[in-house]
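Overview (structure and organization)
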Amino acid sequence: RRVGACATVEPLVVHTKMATMWESVSDVSAACKREGKKLVIINDMVVDVAGFKHPGPQNLVTDNVGNDISSLFIDQGHSKYAWDLCRKRQIGKIRTSPGSLLNNSYTALSREEAVLHARVDQKIDCSKPLLPQVEALTVPEFRAFVSRPRYADGEDSIRLHADISIDSARKVRYEDNVKVISPAVLVFLILGFSASTSAAEFAVKASMCGLIGVCLVWTLVEYYFHRFVLHKELTLSDRNDVDGAYLAKIFSSHLHHHVFMNQRLRIAIPVRVFVYVGGPLAGAIRLILPAVMAWPMVAGVLAGGLLYDALHLAFHFDDVLPSWVYSTQYFIMMKSAHMRHHFRDNQREFGVSTSLWDTVCGTPRRQ
């Protein structure tokens, strides 16, 4: 079987000293029916929920015994504590091949989609550079490929570019961004202070304009780029005769994240994007506003970018922000929206930091 394939395997349960390795969800379901076990599947974890008292409706647990509840669990934005509890109650794993589709409890594969994904499985080998393979996909195959998350074994396990030096250079470490962007934020604040007539004036105007920069300007930029620049697949028609190089380009810019969500070094915004987007934006803000207001607003926009990256990473990893943040209502709400964007509908809920612009622009959660 190819590494990236989603081929069906014969039911088999392998017992190890550490845990039980299950070959499929159906094997877990069969064990629950045959032996009366109380098991659920979350991602690739087989979790024993016998005796577990759910803080919400208990039937959410009892009605799903033997089922894969991955997308349902993620959609609710469960806290780090909840994930840790699941890991403590884990008794085994589902054997998953790199490149295989993650379970999606919301939208079952149609017959047409299943055919397309079967063709993708024959063309995509996750052990090899992905972009040359993406170039060989048809538009329908490409749209199917980027519409559903797939399994990647590890946080740095895929390779996009054939040239390993280029591939390494395209990876982004969030802590490196902080080291570069934070001094830039400070410089713009100093510029604003130097243009003010007093410390009091600077304090008032910097606070106001910095907040506008973070909460309004940045979040609008975030929404615009996420929706109109990074999701170019939404403009493709199945009848389009599109150059494979174009498909590879839009895949490498963002859509790889929709397929392989857990690649830690391929989520944060590259510094070069801060430069070529932030430069013209800073100039435009300065043309409109006096320096004492413009520069703090630019600082706010850059700070908003760093906060966005931290939030986005925290949606996918539980070691990015302080643990108390993960249990806040705001975080749970925005993580749930982001997971719906990944699992349910990538044409909606583009906002990562806020749902404001989704509401304004007509792309809120589909009811």
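This part covers the overall build of the chain. Within the chain, the regular secondary structure consists of 15 helices and five strands. Against the compact-globule benchmark of 21 Å for 367 residues, the chain has a radius of gyration of 23 Å, which places it among compact chains. Taken over 367 residues, the chain has a buried fraction of 46%. Counted over contacts in the chain with a minimum sequence separation of 6, partners at least 24 positions apart contribute 73%. Surface summary for the chain: the accessible area is close to 18,400 Å², and the carbon and sulfur share equals 60%.

If you look at the biggest cluster of nonpolar residues, it comprises 49 residues, and the most contacted ones within it are I42, V47, F315 and F331. Among the elements that line this core, the one with the most residues is helix 13 (residues 291-316), at 15 residues. When residues no more than four places from it in sequence are discounted, the contact partners of V47 are K38, L39, V40, I42, C86, R89 and Q90. The next biggest cluster of nonpolar side chains, apart from the first, holds 22 residues, and it includes V134, L137, A152 and L247.

Another point: the side chain of D167. If you trace the backbone, D167 turns up in helix 8 (residues 164-169). Using a relative accessible area of 3% as the deciding quantity, one classes D167 as buried. Reaching out from D167, the side chain makes a polar contact with the backbone nitrogen of L160 at a distance of 2.8 Å. Among the polar contacts made by the side chain of D167, one reaches the main-chain amide nitrogen of H161 at a distance of 3.0 Å. Those residues in contact with D167 that sit more than four places away from it in its chain are I158, R159, L160, H161 and R266.

What follows concerns the environment of V275. Residue placement: V275 occurs in helix 12 (residues 271-288). For V275 and T235, which are 40 residues apart along the polypeptide, the C-alpha to C-alpha distance reads 27 Å.

Time to look at the environment of L247. Mapped onto the elements of the fold, L247 is located in helix 11 (residues 244-259). Sequence-wise, L247 and R143 are 104 residues apart; in three dimensions their C-alpha atoms are separated by 9.6 Å. L247 has contacts with V134, L137, T138, F142, L236 and V242, leaving out every residue within four places of it along the chain.

Moving on, we get to helix 12. With 18 residues, helix 12 extends 25 Å from end C-alpha to end C-alpha; this agrees with the ideal 26 Å at 1.5 Å per step. The sharpest bend along helix 12 measures roughly 35° and falls at G278, with the proline P280 sitting one to four residues further on. Buried within helix 12 we find F274, V277, A282 and I285.

Our next topic: the packing of helix 13 against helix 14 (residues 329-343). Close contact between helix 13 and helix 14 brings their axes to 10 Å; oriented N to C, the two are set at 70°. Taken as axis vectors, helix 13 and helix 14 run roughly perpendicular relative to one another. Contact residues: helix 13 offers L311, H312, A314, F315 and H316, while helix 14 offers Y330, F331, M334, K335, H338, M339 and H342. Broken down by class, the residue content of the contact of helix 13 with helix 14 amounts to seven nonpolar, four polar and one charged.

One can find E155 in the loop between helix 7 (139-145) and helix 8. Judged by relative accessible area, which is 38%, E155 ranks as partly exposed. Expressed as a C-alpha distance, the spacing of E155 and H342, which sit 187 residues apart in the sequence, is 17 Å. Discounting chain neighbours no more than four positions away, the residues touching E155 are N262, Q263, R264, L265 and F317. Within the structure, the side chain of E155 is placed 2.8 Å from the side chain of R264, a separation counted as a polar contact.

If you walk through the whole model with that rule in mind, you get 11 aromatic pairs. Counting every residue linked through ring pairs, the aromatic cluster contains F142, F145 and F251. Sitting over the face of the ring of F317, R264 holds its NZ or CZ atom 4.1 Å from the ring centroid.

Confidence in the prediction for the chain averages 89 pLDDT; 92% of positions are at 70 or higher. This model gives residues 1-18 a pLDDT under 50, and the stretch forms 44 contacts once residues within four places in sequence are excluded.

The rules behind each value
- Residues numbered from 1 in each chain as written.
- Predicted model: local features only at pLDDT ≥ 70, side-chain atom pairs only at ≥ 80, totals over all residues.
- Heavy atoms only, no water.
- Helix = DSSP H or I, 4+ residues; strand = E, 2+ residues; numbered from the N terminus.
- Rg over C-alpha atoms; globule rule 2.2 N^0.38 Å.
- Buried < 20%, exposed > 50% of the residue type's maximum accessible area, 1.4 Å probe, protein only.
- Contact = heavy atoms within 4.5 Å.
- Areas by Shrake-Rupley, 256 points an atom, 1.4 Å probe, with all protein chains shown as cover.
- Core = buried A, V, L, I, M, F, W, Y, C linked by side-chain atoms within 4.5 Å.
- Polar contact = N/O pair within 3.5 Å; in protein donor to acceptor, adjacent residues only side chain to side chain.
- Expected span 1.5 Å × (residues − 1).
- Bend = angle between axes of the 7 residues up to and from the residue.
- Axes fitted to C-alpha atoms, helices over the stretch in contact; angles between N-to-C directions.
- Parallel < 35°, antiparallel > 145°, perpendicular 65-115°, else oblique.
- Nonpolar A, V, L, I, M, F, W, Y, C, P; charged D, E, K, R; others polar.
- Phe/Tyr/Trp six-rings, centres within 6.5 Å; stacked < 30°, edge-to-face > 60°.
- Lys NZ or Arg CZ within 6 Å of the ring centre and 35° of its normal.
- pLDDT = per-residue confidence, 0-100.

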